Amino acid sequence: MTDFEFPNFDTMTPAEFESCLPELFANSNGSVSTDPRLQTFLRNNPDCAALVRDLETIAEHAKSLFEPDYEPSDAVWDNIQNKLRQEHPGENNHPVPAKP
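Reading guide: rules and limits
- Residues numbered from 1 in each chain as written.
- Predicted model: local features only at pLDDT ≥ 70, side-chain atom pairs only at ≥ 80, totals over all residues.
- Heavy atoms only, no water.
- Helix = DSSP H or I, 4+ residues; strand = E, 2+ residues; numbered from the N terminus.
- Expected span 1.5 Å × (residues − 1).
- Buried < 20%, exposed > 50% of the residue type's maximum accessible area, 1.4 Å probe, protein only.
- Arc of directions from axis to C-beta.
- Disulfide = S-S within 2.5 Å.
- Core = buried A, V, L, I, M, F, W, Y, C linked by side-chain atoms within 4.5 Å.
- Contact = heavy atoms within 4.5 Å.

(A) Up close: helix α3 (residues 46-64). Here α3 contains 19 residues, and its C-alpha end-to-end distance of 27 Å stays within 8% of the 27 Å for a straight helix at 1.5 Å per residue. Turning to α3, its buried residues are C48, A49, V52 and E56. Buried residues along α3 cover an arc of 100 degrees about the axis, so they all sit on one side. Exposed and oriented more than 90 degrees from the buried face of α3 are P46, D47, I58 and H61.

(B) Broad picture of the state of the cysteines. The tally for this structure, following the rule as stated, stands at zero disulfides. Just so you know, C48 is unpaired, no disulfide at all, and the nearest cysteine sulfur is the one on C20, 9.6 Å from it. When its relative accessible area of 4% is taken as the criterion, C48 is described as buried.

(C) A look at the nonpolar core. Within the largest apolar cluster, 14 residues are counted, with the highest numbers of intra-cluster contacts made by F17, L24, L38 and L42. Only α1 (14-27), α2 (39-44) and α3 provide two or more residues apiece to this core. In terms of residue count, the dominant contributor to this core is α1 (five residues). Apart from residues lying up to four places away in sequence, L38 is in contact with F9, M12, F17, L24 and V32.

Just distances and angles here, no functional claims.
Structure follows, in structure tokens:
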């Protein structure tokens, strides 16, 4: 990643803000709206503030796609192991890996 030089937060235009938005998200772990340097700018530019809120919502929902809703029970893993042993009885010399 190259070094990115942010515009002056006090004087930047909405176009400058939009051009540096990817870097702002990358440097703030997806939480641009809480960056104290941007509070005045976002307050004075409601369209940019709305864009940030929308992007933060999208980012949060995207993260949740990678989080499991639940962890399968040990019985599920045991059933998988037993089924594998039944389907490949000659290969029982090697232990079945533990659940992830």
